[in-house]
Amino acid sequence: MKFANLIFRNIFRNKLRAFMTLLLLAAIFFLVATLLAINAAFERNDTGGTGDRLVTQSAFSLANMLPFAYEEKIRRVPGVVDTAKTQWIGGYYKDTRNNVALMAIDPNKVESVFPDYKIPPAELAAFEADRTGAIVSQELAKRWGWKIGDRITIKRQIFPFDPQLTVRAIHHHPVQKSAIWLQMPYFQESIGNFGRSDMIWLKVAKTDDMPRISQEIDALFKNSNDPTETYTEKEFTRQFVSMMGNVKVLFMSVSISSIAMIVLLAAITMSMSARERVTEVAVLKAIGFQPRLILTLMLTEFASLTLLGGLIGIGGAVLFYQSVDAGAATQGLLENFRIDPQTTTICVVLAALVGIIAGGLPSIRASRLTVVDGLRRVV
Amino acid sequence: MDTLVTIDNIRKVYKRDAFEVPVLNGISLEVERGDFLALMGPSGSGKTTLLNLIAGIDRPTSGRIVVDGKEISKFNETALATWRARHIGFIFQMYNLIPVLTALENVELPLLLTKFSKKERRERARTALNIVDLGDRVGHYPRQLSGGQEQRVAIARAIVTDPSILVADEPTGDLDAKNAEETLELLRRLNEEFEKTIVMVTHDPKAALRAKRTLHLEKGLLAEGQYGHAVEEVAG
Ligand SMILES: Nc1ncnc2c1ncn2[C@@H]1O[C@H](COP(=O)(O)OP(=O)(O)OP(=O)(O)O)[C@@H](O)[C@H]1O
Ligand SMILES: [Mg+2]
């Protein structure tokens, strides 16, 4: 396009102003890309699960545990293939920054209920045989140099004990990259045989039956001291997220107000920039530039400016989260966090729109300016 | 010589709120092809207004303006813009170059509206800059040029499309005596050597002496001036 040079020069007409605007845009779009990508990650709810699992927990809260006896009752509900009671323990390795997702499970249930952890059979057998054995993720093993047979100590988070474990197996879960399993009996014994756990997982024969099964389970315990709530794995994660407050709404509103703010600031900058050029625009029109061409040139200029700023911010965010372990920084909540392609696309479109919306009025005004008024500078 | 511009009984009235300001009160005028016309008159007499009408950037309240056989007073905005791009070269008092473009790019600007290739555009712009004797300043930005040089770049921009008429509104109004002299000499050359028709508004009687013909505008009416064909006298 033969006007590219003119547009480019006009963008950088005032170097400091262009630089500040770009910086601001980049910062805002870094933030917005981050927030939208977190929302998208929550939305996807990608647990890497098998799709045939339900989870039963207390209807009150996760902190309210369910009696072990529930497992057998749930097991007898038609359509349930197998069950596994688990307990979230949590903890960290060496330093509080190094959070791990430590969980307890009956060792014979790992393969039948959680086949997605992909554990070599020999290693799994070794885990089952060792009361203080552990199944660690290959990512953790790689990070800390753990090998089969190594002794590791996980520091306490909730419960009053620091599990002393021997690495017996390495799992290869696509998502749960900071997960460590230990044996339920070892955990129970360490906290005084409590006889309760916070979750009971169950595998169903047919996924179509899931709604009926969860209703039946919850009906079983409706009038007990410990009523239950049964979810699909996806719902469970979603519920876990909303437990931390309505993060999504918060992030959305922060994103929207950031964009609104940047539109306003850009509008001020662009009106200033357009106003300074009143005479020049009049000269271009005198020379024969049509109003429509003036409008196109200015809108392209403003949209290019915001697009460039946006691209710097979004690109920065993409690279930033590639090099930073967001999973470790957020205690496993944002495992494998990336700015996803959809968020990238949305942000890029938003960035261009900011320019078009903010620069719309000044551009239209400039395109409507009459040559005579512009030359006399009566506007 | 044939007639290039015919102005037939035009009136121009500006409306400001409830007031009507009559500026031109029935002016008729003919400009020959190849003429060099100076428009003089007191401030506020309507010189710029008349020039703008001839250049097709403003329209009369009534009356006809015919340029090169086209009745431009009947054109709409779009048609006028297209027409100006082909037929008019503008020279302003304040030069009005685009500060972010080099001399060459400024001169090339009107050619962006033509079908010429980039190479042809650059060639023509270079030629125009050579004519105004600035072939060695192509890469300079306006702020790196003197006022006189800026005005010459502006003149190059005005002639690069080979327009039928050059309109100049006080082209020397912002220049010192020497640069004014050079600019006027350049306009005279364009008129004589390149046979450009020029309509120039000026306050400066010396500038008017360069023109072939001078008209006085007073209270919205025209009077033939006392200067004309006097270049040699001034030069001598
Ligand atoms: N857009 C406008 N609205 C109202 N009045 C205007 C407008 N443009 C010009 N005028 C008036 O028309 C009259 C003529 O203006 P014009 O600019 O043509 O004068 P001029 O002869 O070029 O003056 P100068 O020598 O000072 O440049 C002035 O009284 C001016 O105030
Ligand atoms: Mg004037």
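Residues numbered from 1 in each chain as written. Chains lettered and ligands numbered in written order. Predicted model: local features only at pLDDT ≥ 70, side-chain atom pairs only at ≥ 80, totals over all residues. Heavy atoms only, no water.

## Thoughts on the confidence of the model for chain B
Then, in step 1: Here chain B shows a mean pLDDT of 92. Residues at 70 or above account for 94%.
Then, in step 2: Under a pLDDT of 50 for its full length, residues 227-236 of chain B has, in the predicted model, 15 contacts with residues more than four places off or in other chains. (pLDDT = per-residue confidence, 0-100. Contact = heavy atoms within 4.5 Å.)

## Details of the environment of A:L297
All names here are of chain A.
Then, in step 1: Examined against the element boundaries, L297 turns out to sit in helix α12 (residues 291-323).
Then, in step 2: For L297, a relative accessible area of 7% puts it in the buried group.
Then, in step 3: Taking C-alpha positions, L297 is 50 Å from E235, a pair spaced 62 residues apart along the chain.
Then, in step 4: Setting aside anything within four residues of it in sequence, one finds L297 in contact with M1, F3, L6, I7 and F289. (Helix = DSSP H or I, 4+ residues; strand = E, 2+ residues; numbered from the N terminus. Buried < 20%, exposed > 50% of the residue type's maximum accessible area, 1.4 Å probe, protein only.)

## Observations concerning the environment of B:E218
Residue and element names in this part refer to chain B.
Then, in step 1: You can see E218 is positioned in strand β9 (residues 213-218).
Then, in step 2: For the pair E218 and G41, spaced 177 residues apart in sequence, the C-alpha separation works out to 5.9 Å.
Then, in step 3: The residues touching E218, leaving out its near neighbours within four places in the chain, are P42 and S45.

## A look at the site of ligand 1
Residues and elements named next belong to chain B.
Then, in step 1: In the vicinity of ligand 1 there are 14 residues, among which S43, G44, K47, T48 and T49 approach most closely.
Then, in step 2: Here K47 contributes a side-chain N or O atom positioned 2.6 Å from an oxygen atom of ligand 1.
Then, in step 3: Between an oxygen atom of ligand 1 and a side-chain N or O atom of H203, the distance comes to 3.2 Å.
Then, in step 4: Surface burial for ligand 1 is 76%, taken as the share of its 630 Å² of free accessible area covered by protein chains.
Then, in step 5: Mapped by element, the contributors of at least two residues to the shell around ligand 1 are β1 (3-16) and α1 (47-55).
Then, in step 6: Among the elements that take part in the shell around ligand 1, α1 stands out by supplying 3 residues, more than any other. (Near = heavy atom within 4 Å. Polar contact = N/O pair within 3.5 Å; in protein donor to acceptor, adjacent residues only side chain to side chain. Areas by Shrake-Rupley, 256 points an atom, 1.4 Å probe, with all protein chains shown as cover.)

## Description of the sheet that holds strand β7 (residues 164-171) of chain A
Residues and elements named next belong to chain A.
Then, in step 1: Here 9 strands make up an open sheet; going across it, the order is β6-β7-β5-β8-β4-β3-β10-β1-β11 and the pairing mixed. Each end of this open sheet is capped by a strand with a single partner; those strands are β6 (151-153) and β11 (228-232). Looking at each pair of strands side by side, their axes are set apart by 35 degrees on average, direction ignored.
Then, in step 2: Pairing of strand β1 (residues 53-58) with strand β10 (residues 199-204) involves 4 bridges; the strand directions are antiparallel. Paired with T56 across the two strands is I200, which belongs to β10.
Then, in step 3: Lying over the sheet, helix α5 (residues 121-129) contacts β5 (133-137), β7 and β8 (179-183), oriented at roughly 160 degrees with respect to β7.
Then, in step 4: In this fold helix α8 (residues 210-220) packs onto β1, β3 (80-88), β10 and β11, with an angle of close to 165 degrees to the strand it touches most, β11. (Pairing = 2+ DSSP bridges. Axes fitted to C-alpha atoms, helices over the stretch in contact; angles between N-to-C directions.)

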